[in-house]
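Summary of the model geometry
Listed here are the chains, written in short residue letters.
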Amino acid sequence: AQSVTQLDSQVPVFEEAPVELRCNYSSSVSVYLFWYVQYPNQGLQLLLKYLSGSTLVKGINGFEAEFNKSQTSFHLRKPSVHISDTAEYFCAVSDERSGGSYIPTFGRGTSLIVHP
Amino acid sequence: NAGVMQNPRHLVRRRGQEARLRCSPMKGHSHVYWYRQLPEEGLKFMVYLQKENIIDESGMPKERFSAEFPKEGPSILRIQQVVRGDSAAYFCASSPRIRAGNTIYFGEGSWLTVV
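Right, let's walk through the structure included here.

Cut-offs applied
Counting starts from 1 at the beginning of each chain's written sequence and moves along it residue by residue. Just so you know, chain letters begin at A and ligand numbers begin at 1, following the order they were written in. Predicted model: local features are reported for residues with pLDDT of at least 70 only, side-chain atom pairs are reported and counted for 80 or more only, and whole-chain, interface and lining totals are derived from all residues. Working from all heavy atoms in the structure, the side-chain values ignore hydrogens and water. Here, two cysteine sulfur atoms that lie within 2.5 Å of each other are counted as a disulfide. Strands here mean DSSP runs of E at least two residues long; helices mean DSSP runs of H or I at least four residues long; both are numbered from the N terminus. Three exposure classes are used, based on accessible area relative to the maximum for each residue type with a 1.4 Å probe and protein chains only: buried under 20%, partly exposed in between, and exposed over 50%. In this analysis, two residues are considered to be in contact whenever any of their non-hydrogen atoms come within 4.5 Å of each other. Definition used in this section: a nonpolar core is a set of buried Ala, Val, Leu, Ile, Met, Phe, Trp, Tyr and Cys residues joined via side-chain atoms within 4.5 Å.

Taken as a whole and judged by the stated rule, the model has two disulfides over all chains. Note that Cys23 of chain A is cross-linked by a disulfide to Cys91 of chain A, the S-S spacing being 1.9 Å. Between Cys23 of chain A and Cys91 of chain A, the disulfide has an S-S torsion of -65° and is therefore left-handed. Residue Cys23 of chain A is found in the loop between β3 (19-21) and β4 (24-26), and its partner Cys91 of chain A is found in strand β10 (residues 87-94); the two are separated by 68 residues along the sequence. For Cys23 of chain A, a relative accessible area of 0% puts it in the buried group. Between the sulfur atoms of Cys23 of chain B and its disulfide partner Cys92 of chain B the distance amounts to 1.8 Å. Because the sign of the S-S torsion sets the handedness, a value of about -55° for the bond joining Cys23 of chain B and Cys92 of chain B places this disulfide among the left-handed ones. One end of the pair, Cys23 of chain B, is in strand β3 (residues 19-24); the other, Cys92 of chain B, is in strand β9 (residues 88-95), and 69 residues separate them in sequence. Its relative accessible area of 0% is what places Cys92 of chain B among the buried residues.

What follows is the structure, encoded as structure tokens:
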């Protein structure tokens, strides 16, 4: 069974500082990994995803993530954050379930709080 | 191209009443997923449906909860005899097909408050 662990429930950071949001997963088969962002009272938007190929994935809003198979991690990074990046960030993993479906499992989320 | 539409956005129900949450997937999408978001718990998968079929309901509570996705019209998540613990945000997502690495697209959610 697949699972996702987001190690930090809250990450405070000052504007223009770099940030890393951590995500570890467990799965017994090949996985597909996602980061979503949720702004207050809104739904989730896809930031980026890893399917195969290059382990460094670039997404929207200047975010990137690196897939590390040996460490079963998919950490999200941004070199310089803005106030507008304040939001909840969710890591998700999907693999093939019985019946051929691919239903993402989400972590608990990390609240990124950017201070001026 | 409209995104995933959920309504109502906010719903207040008294204990024991029924709640019905509706979801219209993106145009061209025939796969619908429902997730529940409780404070401090992230998103929990509830059910996955295709038109007229429930494919995976492994995350649905055994009692009081049901879901459908009829041939015509939106998907409905129905909660009977609501209790305080049902208060949560319910998110619907859709996708055009099932394949490896599928992206699912979320609606803005329905916030249920049980008083």
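The next subject is the side chain of Ser73 of chain A. All names here are of chain A. Inspection of the secondary structure assignment puts Ser73 in strand β9 (residues 73-78). Look at Ser73 and you get buried, because its relative accessible area is 4%. Ignoring sequence-local partners within four residues, the contact set of Ser73 consists of Cys23, Asn24, Tyr25, Glu66, Phe67 and Asn68.

What follows covers the nonpolar core. Formed by 28 residues in total, the largest nonpolar core has its most connected members in Trp35, Leu48, Leu76 and Tyr89 of chain A. Of all the secondary structure elements, the ones that give two or more residues to this core are β2 (10-14), β3, β5 (32-38), β6 (44-50), β8 (64-68), β9, β10 and β12 (110-115) of chain A. Counting 24 residues, the second largest nonpolar core, distinct from the first, contains Val4, Trp34, Ala67 and Val82 of chain B.

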